[in-house]
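# Descriptive analysis of the structure
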Amino acid sequence: MAEETENENNLVPAENRIVPINIEDQMKAAYIDYSMSVIVSRALPDARDGLKPVHRRVLFGMLDLGVTSGKPYKKSARIVGDVLGKYHPHGDSSVYDTMVRMAQNWSLRYPLVDGQGNYGSVDGDPPAAMRYTEARLRKVAEELLADINKDTVDFKLNFDDSLQEPTVLPTRIPNLLVNGSSGIAVGMATNMAPHNLTEVIDATVAYIDNREIEIAELMTHVKGPDFPTGGLIYGYHGVREAFETGRGRVVMRARAEIETTKSGKEVIIVTEIPYQVNKAEMIKRTADLIHEKKIEGISEIRDESTKEIRIIYEIKRDANANVVLNNLYKYTSLQTSFSVNNIALVKGRPMLMNLKDMIHEFVEHRHDVVVRRTKYELAEAEKRAHILEGYLIALDHLDEVIKLIRASDTPEDARVGLMERFGLSDIQARAILDMTLRRLTGLERDKIKEEYAELMKTIEYLKEVLADEGLRMKIIKDELLEVQEKYGDERRSEIVHSAEDMRMEDFIDDEEVVITISHNSYVKRTPLTEYRRQGRGGKGAIGSSTRDEDFTEHIITASAHNYLLLFTEAGRCFWLRAFEIPEGSRTSKGRALQNIINIPKDEKIKAYINVKNLKDQEYLENNFIIMCTKKGTIKKTSLEAYSRPRANGINAININEGDQLLEATLTSGGSEIVMALRSGRAIRFNEETVRPMGRTATGVRGITLASDSDEVVGMISVNDSETTVLVVSEKGYGKRTDIEDYRITNRGGKGVKTINVTDKTGELVAIKGVTDENDLMIINKSGIVIRIGVEALRVMGRATQGVRLITLKDNDAIASITKVDHQDDEEELPIEGSENTTDNDSSSAENEEQE
């Protein structure tokens, strides 16, 4: 029927020319045509130059118009009109919006358009109309267009077949990786992250050197996405997944610092925000959440941004800045994610690409460009050489050539005569006829010969390039490194490894550190080598520049990989890895502990335990934590009960009213316990007399106080005969005594005298178990610290007054002591403000002993 209608088209009436078609088949065919048009001609970038058609047309149109980086700016309206009229027959807003985005340094990692005027803002403000703004190409964009006039890429007819436009640009820059891309097609979408040019070129060069290179090795060069707005990439799992498979979820965080103002208030200062986040919208949404009470603890938000971003969140005095920041990350755009979906067109077909695939496509494209450019340059050089050969023949027979030309009636006769007489080609003959008389001078003749000689060298080199793939690859590498030298810069986005990625200790040296916690709960860690040893009786060195009425209360020596179990006076336990504590110099103030762990502001750390790890089940089950309180209560609990860290801590011991936790120690189950009182008495009993209890139990009586005003000052556990008991009084006196001098009694007794308390010595402040292998670090309330070897203190009787350990000025008093491992070869570091003098009394210290 259809064939009959077609054959007799002119004879059949109009009403019989209708062909019945299944509507389902027609809809399918039409929709497939539409979707392929969107995929290929609108929404997806080409894997070779990383550009969609509209971007490519804008850049080529600007080159065509002559608005390169060295030329004056031209009105955006003129550029848009030119691109619309010649190459892109769509709405003018589509072209202008594309050009605007290519000029915004917060949208593209390496902007391609140099805009002048209002091009919008990171707050989402729209750009000025195109009649007001101006633009030109940036230098980096010219690298995308380099050599386009050397037949390096294919051209196609434009929409009305009146002009030629490139199907791809001969880019020297791996633009797909460097600037990324995003677009929604039909049935698929692409979302490619930007990366650092320096890193991408390093990876590309590594791929050229070794085509079998693994993605993991490429990732040592390309660390991860590098967003134009900087910020933090939180976690590496999504980055690795995106590089290996082409899909992944990259978590982005704002760069935020917690600072304390002069008035003592804490503020969160945000200086970089995640990519593609509207700053104004984010601040408005945060304010709404505060109003709705979904985020608490913020008293004010201020946007102090100029060209640099600066957003201030003022924290209420009773709030925890660390908790507030985590809530901001959870509920606002301070943390957002970038879903990587690397789909690009490869040979006109959409393909999901991993990191190696994208680099491969770029290198193949560059190789094709170099081959085509070399062929073009060779053809041009051979054309020129052909003409120069004609010139040289003419110059060698100059008189005869002139005579022949003069004898010819027409130029055509002269051309034919030259070709017949000297065996010249048509092109050579025409070139000779077009020669000016000045080319016949001796100097010009020499220039022609020199040019011909240079040209022959060039032709030889170009032929070598076409014959040797290794040489072509070297050219690609050299050009890439030249681009890297010109435009390479530092990474903006910092990669922060999250807990789910890998163990952070893999990135931290397991060095010995000193952790100090001040009376007002400021904490820091310092390498142990910053503290040096001094002679007994020295006046010490400045230990830390503490805040008003603050002083260092705890000194903890640990390995950077250790866990610290921190116990508050209210009986709660918190966990902290040593390397999570911010590093500070020996004289720095440190950072508030409340900003590191979620400890209530009204609670203070009273005890700590240094634990190697919380994974070894046998270790957990065979070790115990023994705690004591100021009122003499003691409690024993298995370490296993504290092996599951929680962000908000757990109850470690039930504290009675008026009492508080004082000390906690790690034992293996068979230790001797010694508890000391401020009044100078101490008790020794076996740990086995205290049965293990649950975490929430109160415990049992360990020692009976001498009076209502008396209290426990410390507790030690001893499990070897070498350990001696060291006690220190508040006026700076101390002594060592054999543990055997303390007889074993029943738990809960009044104890025996441990130091002879006098007005000169002051009351007891500390008790430690030490050996000759230990050093002693003593710190007083004014911040002076001294380190002495324990071997300098001889073992003496239990009831003696002891010797002077540190010289105190005025009404100063001992605040804290701790023991550290002895280091004979430790270098004496120069410490600013230190006094390396020895007190005169120290030489007669032995005379001060009173039995």
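Counting of residues starts from 1 at the beginning of each chain's written sequence and follows it residue by residue. In keeping with the predicted nature of the model, local features appear solely for residues at pLDDT of at least 70, side-chain atom pairs appear and are counted solely at 80 or more, and the whole-chain, interface and lining totals rest on all residues. Water and hydrogen atoms play no part in the side-chain values, which are based on all heavy atoms of the structure.

### Points about the environment of I283
Selection criterion: Segments assigned H or I by DSSP are reported as helices when at least four residues long, segments assigned E as strands when at least two residues long, and all are numbered from the N terminus. Any two residues having at least one pair of non-hydrogen atoms within 4.5 Å are treated as being in contact.
Relative to the assigned elements, I283 resides in helix α11 (residues 279-291). As a C-alpha pair, I283 and L334 span 51 residues in sequence and 9.6 Å in three-dimensional space. Residue contacts for I283: discarding those within four places in its chain leaves I301, D303 and I311.

### Quick notes on the side chain of N354
As a reminder, the rule being used: Only protein chains enter the accessibility calculation, which uses a 1.4 Å probe; a residue is then buried when its area is under 20% of its type maximum, exposed when over 50%, and partly exposed in between. In protein, a polar contact means a hydrogen-donor-capable atom and an acceptor-capable atom, both N or O and within 3.5 Å, with residues adjacent in sequence counting only if both atoms are side-chain atoms; elsewhere, any N or O pair within 3.5 Å suffices.
Within the element layout of this structure, N354 appears in the loop between β16 (349-352) and α13 (355-396). With a relative accessible area of 14%, N354 lands in the buried category. A polar side-chain atom of N354 sits 3.1 Å from the main-chain amide nitrogen of K356. Of note is the side chain of N354, whose polar atom sits 2.8 Å from the backbone nitrogen of D357. If sequence neighbours within four positions are ignored, N354 has contacts with I215, F243, E244, T245 and G246.

### Notes on the UniProt feature "active site" (unreviewed entry) in the protein chain
As a reminder of what qualifies: UniProt positions are given in the numbering used here, feature names are shortened, and annotations may be inferred rather than shown by experiment.
In the numbering used here, UniProt assigns the feature "active site" (unreviewed entry) to Y132. With respect to the helices and strands, Y132 occurs in the loop between β2 (113-116) and β3 (134-137). When its relative accessible area of 54% is taken as the criterion, Y132 is described as exposed.

### As for the domain arrangement of the protein chain
Operational definition: Note that the domain bounds reflect an automated or database-derived domain assignment. By buried area we mean the combined loss of accessible area, with a 1.4 Å probe, across both parts when two parts are placed together. Just to be clear on terms, a salt bridge is a Lys or Arg side-chain nitrogen sitting within 4 Å of an Asp or Glu carboxyl oxygen. Gly falls in the polar group here, along with every residue not listed as nonpolar (Ala, Val, Leu, Ile, Met, Phe, Trp, Tyr, Cys, Pro) or charged (Asp, Glu, Lys, Arg).
Taken domain by domain, the protein chain holds domain 1 (36-192), domain 2 (255-333), domain 3 (358-487) and domain 4 (504-821). Computed from C-alpha atoms alone, the centre-to-centre distance between domain 1 and domain 2 is 37 Å. Tallying the contact residues gives six residues for domain 1 and six residues for domain 2. A buried area of about 490 Å², summed over both sides, lies between domain 1 and domain 2, and 38% of it is on carbon and sulfur atoms. Applying the counting rule to domain 1 against domain 2 returns one salt bridge. Among the ionic pairs, D123 bridges to K279, the shortest N-O distance being 3.0 Å. Our count for the contact surface shared by domain 1 and domain 2 stands at five residue pairs in polar contact (both at pLDDT 80 or more). For the side of domain 1 that touches domain 2, the residue count by class is two nonpolar, two polar and two charged.

### Quick word on helix α15 (residues 411-422)
Note the threshold: By this rule the span expected of a helix is its residue count minus one, scaled by 1.5 Å. Picture the helix axis, draw a direction to every C-beta atom, and the arc is the one those directions span.
End to end, α15 covers 16 Å across twelve residues, agreeing with the expected 16 Å (1.5 Å per residue, within 8%). The complete set of buried residues in α15 reads A414, R415, G417, L418 and F422. Seen end-on, α15 carries its buried residues on one side only, within an arc spanning 165 degrees. Buried residues along α15 sit in contact with α13, α14 (398-407) and α16 (426-433).

### Some words on the side chain of N342
Mapping N342 onto the fold places it in the loop between β14 (335-341) and β15 (343-346). Judged by relative accessible area, N342 falls into the buried class, the value being 5%. Filtering out sequence-adjacent residues up to four positions away, N342 remains in contact with N191, M192, A242, G246, M351, L352, M353 and M358.

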